[in-house]
Amino acid sequence: MVSTLAAKRLSALLFSVLFLAACGGGGGSDSDTSSGADESAEPSVPSEVESDIIVSDPIVSDSDTPNTDKPEDEQDEPVDPALPIPPTADDKDPTTPPATPPVSNNPQAVLIANNEFSIARTSCGLGGLQMDKELASIASQHSRYIQHVFANSTPTVFNPHYENKISNNTDVTGQNNPFFGGVSFSERLANAQYENLKYGATENIAQTIYYSSLGTLISADNAASSMAKSLLAAPYHLRSLMRASSSVVGTEVVSYKPFNKDPEKNQGYILVTHAAATAASVNDTAQGIFTYPCDGVTGTVTALYNESPNPFRNPNGGPPTRDLKINPIGQPVYINMPSAQSIEVRNVEFRDLKRKTNVLVKLLDSNDDPFKGTNFELPANEAFIMPLTDSLKSCEAKRTQNQSQQCGLYGNTEYHVSFDVLVDNKDLQSKSFTFKTGAVNY
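Student: Before we go on, may I ask you to explain the overall build of the protein chain in this structure?
Tutor: Counting its regular elements, the protein chain contains six helices and 16 strands. Buried positions account for 58% of the 442 residues belonging to the protein chain. Sequence separation of 24 or more characterises 76% of the internal contacts of the protein chain that already satisfy a separation of 6 or more. By element, 48% of the accessible surface of the protein chain is carried by carbon and sulfur atoms, the whole surface being about 17500 Å².

Below, the structure written as structure tokens:
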């Protein structure tokens, strides 16, 4: 797609906005920007591809955890990533059966997304994901709920994990939406009588909007790959996708025309993917020091421009300690050692093998956790290495005035990561690997 546009870059503009959300039961957002960006003002300088990432809170649905969460428009703080969310009383009507979703319109795009997730897992030692038709049907139902909202309105507040009625958008939310299936992810699984709910499940959502002045828009296949890889680059979403116990997956990719936008020049895509454990996999766990990326992984994104919960949250209140839109981080490294009670990551080196230079990093762990004491506090046996890309000149095309001035890590570049891990304050182990980024993502 990029090579096709390159020949037309002086006369064409392609603009994409990518929204990501990982969830098991739903979750609030640090931002209300998930309703979309304003594509009415075109950047002054044509560009091949531009993107901005905005993510909602990742949550896992475990059926044995009490229901204590609230829909987004009632939340002030992020919700616990291990809690399912109860229905809103005036939205729930168990006598109303959900609409039956049609067969997927984009089966190849669905396959591409599922393969991205499954290959990412198996490449680093976890079990792969087998397609689950029931889970896919639930994902399809919910994707069409979101599709109906954005094709028929421009919501100012919307959490894609909830199907609760929104007071200023009642016509297309709650049970007024023909694809209503349940307020929370947990409720939708229960209403569908999904048999693996008792073993735990996750929901991840990505939404991307493209604008092209020539009407040359990205295909569903390319959009699915981009959305899947972006989910793998957001720390808290990465954790959700790398649950060792997950073994089955159900995904849907749908397209839509954004409300009140020129349909010839605007195209939206929504990816909803559900993963669940089964009786056979519920006790599966990672071995040793698990990381993603790991040795040999290729084609990762180069930059993360936004995530909620924000890994740079200011624990004292106020603006985040780092503006990811201006200074994104590169592909983060997730570290998990399930057999340990605690880990301490030391002596981190993140090296650009082509340029023979080291990249500065920020370590996110239980000792320096911006969500310490909150529902999103990191376990003591997990950590993230986040490459700081402020000084890198990695952009491969001229940026436009409404985009970030940084592009993260260099594209198509090998990075060697090494670090030591102090396990349970007594055993020092070392880990190293090399991974390779894909093309620069804007």
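Student: Quick question: what am I supposed to make of the nonpolar core here?
Tutor: Soluble, globular proteins show a tendency: their nonpolar side chains are buried together. Formed by 67 residues in total, the largest nonpolar core has its most connected members in Met242, Tyr292, Phe350 and Phe419. Broken down by element, the residue count for this core peaks at six residues, all from helix H5 (residues 220–231). Counting residues in hydrophobic clusters, the runner-up holds 18 residues, among them Tyr162, Ile166, Val172 and Phe180.

Student: For this particular structure, what's the right way to read the pairing of strand E11 (residues 343–352)?
Tutor: As a general feature of sheets, a regular strand has side chains that alternate between the two faces. As defined by bridge partners, E11 adjoins strand E15 (residues 414–423) across eight bridges and the pair is classed as antiparallel. Across the sheet, Glu349 pairs through a bridge with Ser418, a residue of E15. One ladder, built from two bridges, connects E11 with strand E12 (residues 357–358); its direction is antiparallel. When the sheet's bridge partners are listed, Arg351 is paired in E12 with Asn358. Two successive antiparallel strands, E11 and E12, enclose a turn made up of four residues, where Lys356 displays a positive phi of approximately 55°.

Student: I tried to follow the packing of aromatic side chains on my own but got confused; where do I start?
Tutor: Each aromatic ring pair is described using two quantities: the centre-to-centre distance and the angle formed by the ring planes. According to the stated counting rule, one finds 10 aromatic pairs in the structure shown. An aromatic cluster is present here, built from Tyr236, Phe290, Tyr334, Phe371 and Phe384 joined pairwise through their rings. Note that Arg355 overlies the ring of Tyr410, its terminal NZ or CZ placed 3.5 Å from the centroid.

Student: Explanation requested: the state of the cysteines in the structure shown.
Tutor: Throughout this description, disulfide means a covalent bond between two cysteine sulfur atoms. Summed over the entire model, instances satisfying the criterion amount to two disulfides. Each disulfide pairs two cysteine sulfurs, and for Cys124 the partner residue is Cys294, the sulfurs being separated by 2.1 Å. Handedness of the Cys124-Cys294 disulfide follows from its S-S torsion of about -95°: it is left-handed. Within this pair, whereas Cys124 is found in the loop between helix H2 (107–123) and strand E4 (130–131), its partner Cys294 is found in the loop between strand E8 (290–292) and strand E9 (298–300), the two being separated by 170 residues in sequence. Judged by its relative accessible area of 13%, Cys124 is buried. Each sulfur of the disulfide joining Cys395 and Cys407 lies 1.9 Å from the other. Taking the sign of the torsion about the S-S bond as the criterion, the disulfide between Cys395 and Cys407, at about 95°, is right-handed. Of the two residues, Cys395 sits in the loop between strand E14 (382–387) and E15 while Cys407 sits in the loop between E14 and E15, which places them 12 residues apart along the sequence. By relative accessible area, Cys395 is classed as partly exposed at 31%. Numbered by order of appearance in the sequence, the disulfide-linked cysteines of the protein chain pair as 1-2, 3-4.

Student: When you look at the pattern of salt bridges in this model, what are you seeing that I'm missing?
Tutor: Should the charged atoms of two oppositely charged side chains come close, the side chains can pair. Following the criterion strictly, the structure yields nine salt bridges and no others. Residue Arg188 pairs with Glu203 through a salt bridge whose shortest N-O separation is 3.0 Å. Residue Arg188 is located in helix H4 (residues 185–191), and its partner Glu203 is located in strand E5 (residues 201–212); the two are separated by 15 residues in the primary sequence. The buried category is assigned to Arg188, whose relative accessible area is 3%. The residue Glu377 makes a salt bridge to Lys372 at a minimum N-O spacing of 3.6 Å. The partly exposed category is assigned to Lys372, whose relative accessible area is 48%. When salt bridges with common partners are traced through the structure, they connect Glu163, Arg188 and Glu203 into a single cluster.

Thresholds, definitions, all that
Residues numbered from 1 in each chain as written. Predicted model: local features only at pLDDT ≥ 70, side-chain atom pairs only at ≥ 80, totals over all residues. Heavy atoms only, no water. Helix = DSSP H or I, 4+ residues; strand = E, 2+ residues; numbered from the N terminus. Buried < 20%, exposed > 50% of the residue type's maximum accessible area, 1.4 Å probe, protein only. Contact = heavy atoms within 4.5 Å. Areas by Shrake-Rupley, 256 points an atom, 1.4 Å probe, with all protein chains shown as cover. Core = buried A, V, L, I, M, F, W, Y, C linked by side-chain atoms within 4.5 Å. Pairing = 2+ DSSP bridges. Phe/Tyr/Trp six-rings, centres within 6.5 Å; stacked < 30°, edge-to-face > 60°. Lys NZ or Arg CZ within 6 Å of the ring centre and 35° of its normal. Disulfide = S-S within 2.5 Å. Salt bridge = Lys/Arg side-chain N within 4 Å of Asp/Glu carboxyl O.

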